[in-house]
Amino acid sequence: MTDQPPPPGNYPPPPEGGYPPPPPPQQGGYPPPPPPGGGYPPPPPGGYPPPPGQGGYPPPPPPQGGGYPPPGGYPAPGGYPPPGGYPPPGHQAPGYPPAGGPGFGVSPYNIGDAFSWAWNKFLKHPVELIVPGLVFGAASTAVWVVITLIAAAVSPEATGTYETYEDGFSFAASSNNLSVAGAIVMFIGGIVMLILTGWIAAAYTAGLLDIANGQPVSIGSFFKPRNVTNVILATVIVGAITFAVNFVLQLPTVFVPGLWFLTMPLAFIADVAIGVLFLFTTVAAVDRNLKAVDAVKASFELVKPNFGTVLLTVLVMLAIAIVGAIPCGLGLIVAIPLILLIQVYAWRRLSGGPVAALSQ
């Protein structure tokens, strides 16, 4: 028997059934990727939370009425207090305890309560209220006397009188014969007095508001003005309104002089109405840090639906001033702080703001 050469490769054929067939050749020498869906056991049912929106996560916040804030964490429109920090008249101010709470309360306004509150606060702070008033009065008088003396000095034809009494002296200067230079001095002096008066009003009102807030006050509390510029501008606006109304009412007398008997009473009534409508202009500007125009509007809008009540308040304030002026004007030392405290009380009560309790 002749030997046959081995097949190419020098490997004998594998025995039948001994080994599995070799895998087919692969590209790159790496095994093929597992078939889709194969090679890994299927995930156990229920092992992972369902995707969002299918019960695994809390539901989205309900609409704004349901107690969640809108996106961004801000309150819904209308959630902020109105400008100035006080609610409309007749509503309680935000952030203060309700009526009957400690320290502050909200109750209907009446002039009897206003007088009682003002007198109570005056008795608790007499020195703090009187001393700044005396300083401001003396300063205003001194500035005006200096202005008048300068105007008279630059006006040779101006008249001045000096009278001496046992208890002092008095000075009076007439501006009827002022020169042009004297008139300019008086005009500039008027501006100076307007600025000084505005500064005093802003400073003294700030101290009164501290009392209304129940804060401790000292004499220095009445020398810390707030919002002076807008107080001055608001005063100018009210003055311009008064001038315009009087000018219109007096204009017919230019053509018919005999109408003065009709226009004079009308002008007086108009001046009273203007004084009542804009009574709270300075207090509003200082209390709420308002611009001049906004302060004028705030007073007007507050007084308009309460005109009768505010008019009665003004009449009581006028009566206090008259009584204070009887003893040679010395009573005004008490009357003026009392009047201004009533004004602050009326403003806070009618606007829904807080006032300190009588015990504070």
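Rules of the game
- Residues numbered from 1 in each chain as written.
- Predicted model: local features only at pLDDT ≥ 70, side-chain atom pairs only at ≥ 80, totals over all residues.
- Heavy atoms only, no water.
- Salt bridge = Lys/Arg side-chain N within 4 Å of Asp/Glu carboxyl O.
- Helix = DSSP H or I, 4+ residues; strand = E, 2+ residues; numbered from the N terminus.
- Buried < 20%, exposed > 50% of the residue type's maximum accessible area, 1.4 Å probe, protein only.
- Axes fitted to C-alpha atoms, helices over the stretch in contact; angles between N-to-C directions.
- Parallel < 35°, antiparallel > 145°, perpendicular 65-115°, else oblique.
- Nonpolar A, V, L, I, M, F, W, Y, C, P; charged D, E, K, R; others polar.
- UniProt positions renumbered as here; feature names shortened; annotations may be inferred.
- Polar contact = N/O pair within 3.5 Å; in protein donor to acceptor, adjacent residues only side chain to side chain.
- Contact = heavy atoms within 4.5 Å.
- Left-handed = near helix turned anticlockwise from the far one by under 90°.
- Core = buried A, V, L, I, M, F, W, Y, C linked by side-chain atoms within 4.5 Å.
- Patch = residues over 30% accessible without salt bridge, like charges linked within 9 Å, V, L, I, M, F, W, Y side chains within 5 Å.
- Areas by Shrake-Rupley, 256 points an atom, 1.4 Å probe, with all protein chains shown as cover.
- Expected span 1.5 Å × (residues − 1).

Labelled according to an unreviewed UniProt entry, the protein chain appears under the name Integral membrane protein, originating from Mycolicibacterium nivoides.

Caption draft 1: Structural view of the pattern of salt bridges. According to the stated counting rule, one finds three salt bridges in the structure shown. Across the salt bridge formed by R226 and D210, the nearest N and O atoms sit 2.7 Å from each other. Pair noted here: R226 is in the loop between helix 3 (180-212) and helix 4 (228-250) and D210 is in helix 3, with a separation of 16 residues, a long-range link. With its nearest N and O atoms 3.0 Å apart, the salt bridge here joins D287 to R348. With D287 in helix 7 (residues 281-288) and R348 in helix 10 (residues 332-350), the pair connects residues that are 61 residues apart, well separated along the chain. Accessibility classification places D287 together with R348 in one group, the buried group.

Caption draft 2: Seen up close, the packing of helix 2 (residues 126-153) against helix 3. At a closest axis distance of 9 Å, the pairing of helix 2 and helix 3 adopts a crossing angle of 175°. Relative to helix 3, the element helix 2 is oriented roughly antiparallel. Tallied by class, the residues present in the contact of helix 2 with helix 3 amount to 20 nonpolar, five polar and no charged.

Caption draft 3: Representation of the UniProt feature "transmembrane region" (unreviewed entry) in the protein chain. Sites flagged by UniProt as "transmembrane region" (unreviewed entry) map to residues 129-154, 180-207, 228-249, 261-286, 307-326 and 332-350. When the span residues 129-154 is considered, its composition is 96% helix and 0% strand, and the gap between its end C-alpha atoms is 39 Å. The distance from the first to the last C-alpha atom of residues 332-350 is 26 Å, and the span holds 100% helix and 0% strand.

Caption draft 4: Examining the side chain of S299 more closely. The residue S299 is located in helix 8 (residues 292-303) in this model. Accessibility expressed as a relative area gives 0% for S299, which makes it buried. Side-chain polar atoms of S299 contact the backbone nitrogen of F280, separated by 3.1 Å. Among all residues touching S299, those that are not within four sequence positions of it are L277, F278, L279, F280 and T281.

Caption draft 5: Looking closely at the packing of helix 4 against helix 7. Close contact between helix 4 and helix 7 brings their axes to 9 Å; oriented N to C, the two are set at 155°. One way to sum up the angle between helix 4 and helix 7 is to call them roughly antiparallel. The two elements helix 4 and helix 7 cross, and the hand of that crossing is right-handed. Contacts between helix 4 and helix 7 pair V231, A234 and V238 from the former with T281, T282, A285 and V286 from the latter. For the contact of helix 4 with helix 7, a count of residues per class yields five nonpolar, two polar and no charged.

Caption draft 6: Representation of the nonpolar core within the structure. Formed by 55 residues in total, the largest nonpolar core has its most connected members in W117, L129, F280 and L341. Of all the elements, helix 10 adds the most residues to this core, at 10 residues. Not counting residues up to four positions away in its chain, the partners in contact with F280 are S299, L302, V303, V310, Q343, A346, W347 and L350.

Caption draft 7: Quick peek at a nonpolar patch on the surface. Taken together, the side chains of W260, F261, L262, M264, L266, F268, I269 and V272 define a hydrophobic patch exposed on the protein surface, amounting to about 860 Å² of accessible area. By relative accessible area, which is 41% here, L266 ends up partly exposed.

Caption draft 8: Structural detail: helix 3. If you check helix 3, its first and last C-alpha atoms are 47 Å apart, about what 33 residues at 1.5 Å a residue would give, namely 48 Å. Just beyond helix 3, the residue with positive phi is G214, at close to 80°.

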